[in-house]
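Structural overview for review
What follows is each chain in one-letter form.
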Amino acid sequence: MALPTQTIQAIAVSPGIAIGRTARLTGPAGCLEPEPHKITKDEIPAELSRYSAALALTRTQLVELRREVRDKLRAQDAEIFDAHIMLVDDRTFSAEVEKGIREKLFAAEYALYLACEHFAHVFSEMPDEYLRERAADIRDVSARILSNLTNIHVHGHEIDMDDRRIIVAHTLSPSETAGLEIGKVLGFAVATGSATSHTAILARSMGLPAIVGIPPELPEQLSAEDKLIVDGFSGKLVINPDARTEEAYRLKKAEAGQLRSQLERENELHPETTDGFIVQLAANLDSPDKVAEVKRSGASGIGLFRTEYLFMNRQKLPDEEEQFEVYKKLLVACDNAPLIVRTLDVGGDKFNTNIYRTSEENPFLGLRGIRLCLHERRDILETQLRALLRAGVFGNLRVMLPMVSSVREVIEVRSILGQLHQQLDAEGKEHVSNLSLGVMIETPAAALMADKFAPMVDFFSIGTNDLVQYTMAIDRGNERVAYLYRPSHPAILELIRLCVEAAKRHNIWVSVCGQVAADVYMVPLLVGLGVHELSMSPTSIAVVRRVIRSMSMYEMEQAAQAALGCSNATDALAVAEALINQRAPEVVNI
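Residues numbered from 1 in each chain as written. Predicted model: local features only at pLDDT ≥ 70, side-chain atom pairs only at ≥ 80, totals over all residues. Heavy atoms only, no water.

Points about the pattern of salt bridges
The following threshold applies: A pair is scored as a salt bridge if a Lys or Arg side-chain nitrogen falls within 4 Å of a carboxyl oxygen belonging to Asp or Glu. Helix and strand definitions follow DSSP, with helices as H or I runs of at least four residues and strands as E runs of at least two, each counted in order from the N terminus.
Inspection of the entire model under this criterion finds 23 salt bridges. Close ionic contact of Glu 98 with Arg 91 constitutes a salt bridge, the shortest N to O distance being 3.3 Å. Across the pair Glu 501 and Lys 504 runs a salt bridge, and its minimum N-O distance is 3.8 Å. Here Glu 501 and its partner Lys 504 are both found in helix H19 (residues 490-505), three residues apart, which amounts to about one turn of the helix.

Regarding the environment of Leu 172
For clarity, the cut-off: Relative accessible area decides the class of each residue, using a 1.4 Å probe on protein chains only: under 20% of the type maximum gives buried, over 50% gives exposed, and in between gives partly exposed. The contact rule is simple, with two residues in contact once any of their heavy atoms fall within 4.5 Å.
Tracing the backbone through its elements, the reader meets Leu 172 in the loop between strand S4 (165-169) and helix H7 (174-179). For Leu 172, a relative accessible area of 6% corresponds to the buried category. Sequence separation between Leu 172 and Thr 199 is 27 residues, and the spatial gap between their C-alpha atoms is 6.9 Å. Setting aside residues up to four positions removed in sequence, Leu 172 forms contacts with Leu 25, Ile 167, Thr 177, Phe 188, Val 190 and Thr 199.

Structural notes on the packing of aromatic side chains
Applied cut-off: What counts as a ring pair is set by centres within 6.5 Å for rings of Phe, Tyr and Trp (its six-membered ring), and what kind of pair is set by the plane angle: stacked under 30 degrees, edge-to-face over 60, tilted for all other angles. For a Lys NZ or an Arg CZ to count as sitting over a ring, it must be within 6 Å of the ring centre and within 35 degrees of the ring normal.
Counted by the stated rule, this structure contains five aromatic pairs. Ring geometry for Tyr 110 and Tyr 113: centres 5.8 Å apart, planes at 35°, overall tilted. On the criterion of helical spacing, the pair formed by Tyr 110 and Tyr 113 is a turn pair, its members being three residues apart in helix H4 (residues 108-124). Per residue, the accessibility class of Tyr 110 equals that of Tyr 113, and both read buried. An aromatic cluster is present here, built from Phe 106, Tyr 110 and Tyr 113 joined pairwise through their rings. Over the aromatic face of Phe 106 sits the side chain of Lys 38, whose NZ or CZ is 4.3 Å from the ring centroid. Its end group placed over the ring of Phe 324, Arg 390 keeps NZ or CZ at 4.2 Å from the ring centre.

And the structure:
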């Protein structure tokens, strides 16, 4: 029986409007828990051999899947499965499986399951959202290996669609997404995942609207006859809409498509306010191969390059030469546009035994970012800084330190840089003599001490994701307190104001590289507070540029002051919403 007409608020992860019937995937995805079958010591070689054969077959399948994705979509989308192949090749992961077989005498299936859950749990506790989403990739690959171990197809769902439909599922893995026939899919509505999940990335590449965060019980309740509207702009899911609502969404879909095309044609225009102020719009980047996408967006440069991805899923850490070549390649590709590189920033848990020497109860408050590099792995920091100093001669390089909370940390890094300059001089290796150094403002301590940090650095980069989390004392991955995760809270705005005022007094500039930089409602508040640069996904730049070009700096400053005077996040955000609705109402629906 069809469900009654209703609207559910979820989270938008891929823009667009999809209207159509349901294709539900109700089976569980991922590595299902097998029976904990025990083996004898004599059976260990056979189990190890079975596991090795399953790994080899899995690798072959992933190489083929990568080829198919490259042919169907874009070359960079195939990189998702490079990460999957790296996991298959990862000795740390396989060693954990083999340990379960050799020491715990479990059959290969259950040893694989234990290893999968161990590493998936570790990644799910990471402070960085992108890293947390890699737990889904671990389960995806493990499910494929398990399928090959058992010769039972447990990886993925069989989908039989007679026409184009909206896929509804509790979980949708990258492999399942890539395996779909694009011509038969209108969009996705999934219970799990986020904007940084590989499934969301593939949806955006396919040009298909997608939302995550629907009620987990909903896929079981829907039938093939239920009609849905997926609003990939607002995150709404409309179930069995009435005729008037459906017609309104069809009109919205047509208008959004026209506006998106128009905005992309504005990439050559400056992000300049109506009264003549320029706001720099930079791009966040996690792969050197995506610089072309950054340039197409009209970005002023790269405001955040996440170097931790050089360290993931590998037995041996990247040495100086490997890192030097990556940074050099990026700087040359940037063609003298600014490149801001963040030094290694991973949470305090043991996702890579080559980095961590101890695991931690609470990685969000533990040895992470610059703390880890200064107090436990100074060797990693020194290697990275040497590579950066050498690469700096090839372009406009800036380096920022993550998770600072003490001035002493900046002093220590400055001291290390001085020593490295002497080393490179003695070795006769060319290097940049005056490296531009900044700090990330992610803790309330750093924001409150901004006046002390400012004389010691060249810029601030505000990481709003963590700043909101630590200021509001919430786990932003915990749905039970998600309602408190409000970047427009006056307390957050006040901390940003303190940073901007300190920067002005010491003649340095301020960037925001967290998710709010791409939030059209937050943009007027950030710019009005005096932030000089906003760094975001390249796909978000066109919309933010339109917002900035639609209003004056004076209007945004007035809005920011009004928001600071509010007593709660809702009222503060309403100030920005009123300005957006007055000056740039067209961006609300994209």
